[in-house]
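Overview (structure and organization)
In case you want the letters, here they are:
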Amino acid sequence: MDAFEAALNAATAVGDDSSVHPNILAAIGLVVSADGTVLYRHAAGRQSLAPDAPPVDPDSTIVLGSAGKFITTIAALQLVDRGLIAIDDPVDTVLPELARIPVIEPAAAAPRDTPDAEAGQDEPTAFILRPPRSPITLRHLLTHSAGIPSQDDPHPLLEAWRNSPEAAAAQPPDDAPPIVRMFSEPLLFDPGQGWRYGACIHWLTLFVTRLSGAARFADAVQASIFDPLDLRSWTYNAAARPDLADRLLQMVRRPGPEDGDKPAAAILPDDDPPLGLVCSVSDLATVLADIISPAPRLFSPTSARAFAGSAFAPRSSALLDLRRCTEDYAAPAGIPDPVSLEDPDQLPVNFAPGGLVVDFSSSPSSLRSSSVSSDLDTSTGESAAAATRLPRSGFPHGTVTWNGMPNVVWAVHPSAASGHRPGIVAIFATQLLPVDDPAAVDLAMTFMRSAWATYGPRPGIDYEITRS
């Protein structure tokens, strides 16, 4: 881990008079085994930008952003374990508001060539609305394949719909839950026929709250996730937990146009940090370790396999959509940008309820000589197996990963069936905006590469992958 520590120390260095801010305020790297044993922990930097700030607490509390969405996934799969729903059951009875949302498509029937409106130069804006051809299931919500757009999605058809009489007529009532009011725009494709990252997870929180019978989503996960693991350093409302707020690593940001001529690499205090789950780095590791444990406490082995199992069939429209939407995951996963592939279906990723899956099994064998696998770390001497690792991160086949806006990245690999090496959890945590900041990503990738080479499963020996 010497390369990571040297890079982190250089990035967090401060001038002798403490007036020169570092390139990175602070960062934490943590590796734990599937049984929760800490294999590695290193932190450097300061807790805040204050001149007299102490060194960063290696177990700081952090805002996770989207890196905490997997908690909702666990809570939903627990309801499957309780027999309240099956993963492929429609969610209509729990979310009737969602069942009433139509699909939007061009008025002139034309094939949908890409999920990204930004990719098209002459996207049609005349639209029609029609009922979905199939119901939304729990699996669709878990894998962002329900067709639900994100809030303020820039798709041209949605922009046209927002300015239409249909939009005004479709507004939910004022007493509807906030999630229903915010995320009831038309579906961009039929359920299961594409991939669009965003608002599925918000509907899933409402689903969990209603089906569990909890008064609030936070109450549901307190009872089903944090209490069973005896975790106390977490909250969805940091203002109500001063003990956790006092331990927060300060959120900082790069300068914007409003900041004048400040250097692009400077860091400034962020006065409007993202909301969401706040927890300690150790609590985050404990939950992730349970997921990959041979005997998880939070849910059944079947649900644990579903959490990490590839959901999309080879050559399916959902998988192709995912592989074309690399801006949602390429940097923290360790995929070169831009990805120069003639066929996007060559990209060795799939999606699971838990996050992005490194999956070479559904990619052509020619990928092993493509640009995606050409920049791999073969320092371990495993050159024959190196083609089943992602560039930059070194993630091997079977790794599940996701990230959050403050440049928090986690990755897990299930325990090896062969028993050669146990599964591991690797966490890189900082609190720097915007997401995918190049300096933060470089540090995260150095950490992940080193962690996987030192502690991770050996490609070709220790890994396996499931299909959910």
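All residue numbers refer to positions counted from 1 along the written sequence of the respective chain. Per-residue local features are limited, in this predicted model, to residues with pLDDT of at least 70; the limit for side-chain atom pairs, both in listing and counting, is 80 or more; totals at the level of whole chains, interfaces and linings are taken over all residues. No hydrogens and no water enter the side-chain calculation; it runs on all heavy atoms of the structure.

Moving on, we come to the sheet that holds strand β3 (residues 61-63). Paired strands, in this sense, are two strands between which DSSP finds at least two bridges. Elements are defined by DSSP. Helices are runs of H or I of four residues or more, strands are runs of E of two residues or more, and each kind is numbered from the N terminus. Strand order in the open sheet formed by three strands is β3-β9-β6, and the pairing between neighbours is antiparallel. The open sheet has two edge strands with one neighbour each: β3 and β6 (234-235). Bridging between β3 and strand β9 (residues 278-280) involves three bridges; their strand directions are antiparallel. The partner of I62 across the bridge, within β9, is C279. Strands in contact with helix α11 (residues 281-292) are β3, β6 and β9; relative to β9, the strand with the most contacts, it is inclined by about 90 degrees. Every residue pair with non-hydrogen atoms within 4.5 Å of one another is taken to be in contact. A fitted line through C-alpha atoms serves as each axis, taken over the contacting stretch for helices, and the angle formed by two N-to-C directions is quoted from 0 to 180°.

Turning our attention to helix α2 (residues 70-81). A helix is expected to span 1.5 Å multiplied by its residue count minus one. End to end, α2 covers 17 Å across 12 residues, agreeing with the expected 16 Å (1.5 Å per residue, within 8%). Across the 12 residues that make up α2, a large majority, 10, are buried. A simple rule labels every residue: compare its accessible area, found with a 1.4 Å probe on the protein chains alone, to the largest value its type can have, and call it buried under 20%, exposed over 50%, or partly exposed in between. Three or more residues of α2 are buried, namely F70, I71, T72, T73, I74, A75, A76, L77, Q78 and L79. Turning to α2, the residues buried within the fold contact α4 (138-142), α8 (200-212), α9 (217-226), α11, α12 (301-308) and β13 (408-413). One or two residues past the end of α2 sits G83, with phi positive at roughly 80 degrees.

One pair of aromatic rings is described through two measures. These are the centre distance and the angle between the planes. Between rings of Phe, Tyr and Trp, where Trp is taken as its six-membered ring, a pair exists when centres lie within 6.5 Å; planes separated by under 30 degrees are stacked, by over 60 edge-to-face, and by other angles tilted. Under the criterion given, the structure shown has 14 aromatic pairs. Taking the centre distance of 6.5 Å and the plane angle of 80 degrees together, the rings of W195 and Y329 count as edge-to-face. Of this pair, W195 sits in the loop between α7 (178-182) and α8 while Y329 sits in the loop between α13 (317-324) and α14 (330-333), placing them 134 residues apart in sequence. Since its relative accessible area comes to 0%, W195 is described here as buried.

This part covers unusual backbone geometry. Cis geometry marks the peptide bond from L433 to P434; its omega dihedral reads 5 degrees. Counting through the fold element by element, P434 comes out in the loop between β15 (432-433) and α15 (438-455). Phi at R315 is positive, roughly 65 degrees, even though this residue is not glycine. Within the fold, R315 resides in the loop between α12 and α13. Classification of R315 as exposed rests on a relative accessible area of 56%. Notably, D436 is not glycine yet its phi reads approximately 65 degrees, a positive angle.

Method remark: on a 1 Å grid restricted to protein atoms, a set of points is classed as a cavity if a 1.4 Å probe fits but cannot get out and as a pocket if it is open with protein on both sides within 12 Å along at least five of seven lines; lining residues have an atom within 4 Å of a point. Grid points are joined across faces, edges and corners, and a volume is the space filled by probe spheres set on the points. In this model, the largest pocket occupies a volume close to 1500 Å³. Lining the largest pocket are 41 residues, with S66, K69, G198, I201 and H202 positioned closest to its centre. Of all the elements in the fold, those that place two or more residues in the lining of the largest pocket are α7, α8 and β12 (400-404). Among the elements that line the lining of the largest pocket, the one with the most residues is α8, at five residues.

A few words now on the side chain of T209. By secondary structure assignment, the location of T209 is in helix α8. According to the relative accessible area criterion, T209 is buried, its value standing at 14%. We call two N or O atoms a polar contact when they sit within 3.5 Å, provided that within protein one can donate a hydrogen and the other can accept it, with sequence-adjacent residues counted only if both atoms are side-chain atoms. A polar side-chain atom of T209 sits 2.8 Å from the main-chain carbonyl oxygen of T205. Apart from the residues lying within four places of it in its own chain, the contact partners of T209 are A214, A215, R216 and F217.

For β13, the buried fraction is high: six of the six residues fall into the buried class. A two-sided burial pattern is seen for β13, the buried positions comprising V408, W410 and V412 on one face and V409, A411 and H413 on the other. The sheet contact formed by β12 and β13 spans five bridges and is antiparallel. Among the inter-strand pairings, N403 is bridged to a residue of β13, identified as V409. The turn joining β12 and β13, which pair antiparallel and follow one another in sequence, is formed by three residues; a positive phi near 65 degrees is taken by N407.

Following both chains from N to C, one finds α2 and α9 inclined at 75 degrees, their axes separated by 10 Å at the closest point. The angle between the axes of α2 and α9 places the two elements in the roughly perpendicular class. The residues of α9 that touch α2, namely those facing I71, T72, I74, A75 and Q78, are F217, V221, S224, I225 and F226. For the contact of α2 with α9, the class distribution of residues is seven nonpolar, three polar and no charged. Angular relationships are summarised with four words: roughly parallel below 35 degrees, roughly antiparallel beyond 145, roughly perpendicular across 65 to 115, and oblique for the angles in between. Each residue gets one of three labels, nonpolar for Ala, Val, Leu, Ile, Met, Phe, Trp, Tyr, Cys and Pro, charged for Asp, Glu, Lys and Arg, and polar for the others, Gly among them.

What follows is about the nonpolar core. One recurring pattern in soluble globular proteins: nonpolar side chains tend to sit buried together. Only buried residues count toward a nonpolar core, which is a set of Ala, Val, Leu, Ile, Met, Phe, Trp, Tyr and Cys residues joined through side-chain atoms within 4.5 Å. The biggest cluster of nonpolar side chains holds 126 residues, and the ones touching the most others in it are F70, L141, W203, F207, I427, F447 and M448. Broken down by element, this core gets its largest block of residues, nine residues, from α15. With near-sequence residues (within four places) excluded, M448 lies in contact with S393, F395, V409, W410, A411, A426, I427 and F428.

Looking now at the confidence of the model for the chain. Detailed reading of the predicted model is not advised wherever pLDDT is low. Note: pLDDT gives the predictor's confidence per residue, expressed from 0 to 100. Looking at the chain as a whole, its pLDDT mean stands at 87, while 84% of the residues score no less than 70. In the predicted structure, residues 365-386 sits below a pLDDT of 50 and forms 40 contacts with residues beyond four places in sequence or in another chain. Confidence over residues 461-465 falls short of pLDDT 50; this stretch has 22 contacts with residues more than four positions distant or in other chains.

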